[in-house]
Amino acid sequence: MEELAPAMIKLGGAIAFSFAAIGSALGTGTAAMAGIGAWKKCYLQGKPAPFTLLIFIGAPLSQTIYGLLFAIFYKGFAEDPVMHAIWPALLGAGIVGGIAIGFSAWYQGKTSAAANDSIGETGEGLVNNIISIGIVETVALFVTFLMTLAFI
């Protein structure tokens, strides 16, 4: 029974990482499809294809890093016998936190897709688009730090 608590805590970290990575995959895939479509429009119109669209395509990858932070924090929690008593809370926080981070990445990808379309068509609004994408990312930042710091 002593092995259950550390294993479940580590599982919470692995789940958080996995959901974050799934969200990043969905987000980058969505943004990449829109980026390719925007480049196609540029080529058809004889305009240069903006390299800056890669910024938007890669933006949702950062949530995978937040999931990795969860996993690292949770590995430390699993090694702390004091934390073993609250393993259900840690597991639950890993699940819910991972889902929240994953949704942030997914919707950041959707926001990035719209930014790709906008920049590809008009060539303008880079700063506003980056700020919009950053606002969506803020959700993942809050979740990562509040869910992990709550247990430190």
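For every chain, the first residue of the written sequence is number 1, and numbering continues from 1 along that sequence. Side-chain atom pairs in this predicted model are given and counted only at pLDDT of 80 or more, local residue features only at pLDDT of at least 70, and totals for whole chains, interfaces and linings cover all residues. Note that the side-chain values use all heavy atoms of the structure and ignore hydrogens as well as water.

## So, the overall build of the protein chain
Counting its regular elements, the protein chain contains five helices and zero strands. Overall, the protein chain shows an N-to-C arrangement of helices and strands of α-α-α-α-α. Each radius of gyration reported is based on C-alpha atoms, and the globular scaling rule is 2.2 Å times the count of residues to the power 0.38. Its C-alpha radius of gyration of 19 Å places the protein chain more than 25% over the 15 Å reference for a compact globule of 152 residues. In terms of principal-axis extent, the alpha carbons of the protein chain reach across some 65 × 20 × 15 Å. Burial analysis of the protein chain (152 residues in total) assigns 39% to the buried set. Surface summary for the protein chain: the accessible area is close to 7900 Å², and the carbon and sulfur share equals 75%. Charged side chains of the protein chain number 6 positive and 8 negative; the gap between the two group centres comes to 14 Å. Strands are runs of DSSP state E lasting at least two residues, helices are runs of H or I lasting at least four, and both sets are numbered from the N terminus onward. When a residue's accessible area, from a 1.4 Å probe over protein chains only, is under 20% of the maximum for its type it is buried; when over 50% it is exposed; and in between it is partly exposed. With residues, only the protein chains shown are counted as cover, and all accessible areas are computed by Shrake-Rupley using a 1.4 Å probe. The sign given to each residue is positive for Lys and Arg and negative for Asp and Glu; His and the chain ends receive no count. Think of each charge as sitting on NZ of Lys, CZ of Arg, CG of Asp or CD of Glu.

## Considerations on the nonpolar core
Each nonpolar core is a collection of buried residues, namely Ala, Val, Leu, Ile, Met, Phe, Trp, Tyr and Cys, held together in the definition by side-chain atoms within 4.5 Å. By size, the foremost hydrophobic cluster in this structure holds 15 residues, and its most contacted members are I9, Y74, F77, M83, L90, I101 and F151. Looking at this core, the elements with two or more residues in it are α1 (4–44), α3 (62–78), α4 (87–122) and α5 (126–149). In terms of residue count, α3 provides more of this core than any other element does, five residues in total. Residues W39, A59, A115 and I119 belong to the second largest nonpolar core, which totals ten residues.

## Here we look at α5
Given a rise of 1.5 Å per residue, 24 residues ought to cover 34 Å, and the 34 Å separating the end C-alpha atoms of α5 matches this to within 8%. Of all the bends in α5, the largest measures some 25 degrees and sits at V136. Taken together, the buried positions of α5 are N129, I133, E137, A140, V143, T144 and T148. Elements in contact with the buried residues of α5: α2 (53–58), α3 and α4. Any helix carries an expected span of 1.5 Å times its number of residues minus one. Consider a residue and the seven residues that end there alongside the seven that start there; fitting an axis to each set, the bend is the angle between those axes. Between two residues, a contact is recorded if the distance between any of their heavy atoms is within 4.5 Å.

## Observations regarding the pattern of salt bridges
Whenever Lys or Arg places a side-chain nitrogen within 4 Å of a carboxyl oxygen from Asp or Glu, that contact is recorded as a salt bridge. The final tally for this structure, using the stated rule, is three salt bridges. The partner of K41 in a salt bridge is D117, and the shortest N-O contact between them spans 2.6 Å. Pair noted here: K41 is in helix α1 and D117 is in helix α4, with a separation of 76 residues, a long-range link. The exposure class of K41 is partly exposed, given its relative accessible area of 33%. Accessibility expressed as a relative area gives 32% for D117, which makes it partly exposed. As a salt-bridge pair, E79 and K75 come within 2.8 Å of each other at their nearest N and O atoms. Under the relative-accessibility criterion, K75 is labelled partly exposed at 47%. When salt bridges that share partners are traced, they join K41, D117 and E121 into one network.

## Focus: the packing of α1 against α3
Simply put, an axis is a line fit to the C-alpha atoms, just over the touching stretch for a helix, and the angle between two N-to-C directions goes from 0 to 180 degrees. Between α1 and α3, whose axes approach to 8 Å, the crossing angle comes to 180 degrees. Classified by the angle their axes make, α1 and α3 are roughly antiparallel. For the pair formed by α1 and α3, the contact residues are P6, I9, K10, G12, G13, A16, F17, A20, A21 and S24 on the first element and Q63, T64, G67, L68, F70, A71, Y74, F77 and A78 on the second. For the contact of α1 with α3, the class distribution of residues is twelve nonpolar, six polar and one charged. By definition in this entry, angles of less than 35 degrees are roughly parallel, angles greater than 145 are roughly antiparallel, angles of 65 to 115 are roughly perpendicular, and the rest are oblique. Charged residues are taken to be Asp, Glu, Lys and Arg, nonpolar residues to be Ala, Val, Leu, Ile, Met, Phe, Trp, Tyr, Cys and Pro, and polar residues to be all remaining types, Gly included.

## Topic: the environment of F73
Mapped onto the elements, F73 comes out in helix α3. Looking at F73, the relative accessible area reads 26%, which means it is partly exposed. Residues F73 and K10, 63 residues apart in the sequence, show an inter-C-alpha distance of 9.3 Å. Setting aside chain neighbours within four positions, we find F73 in contact with T148 and I152.

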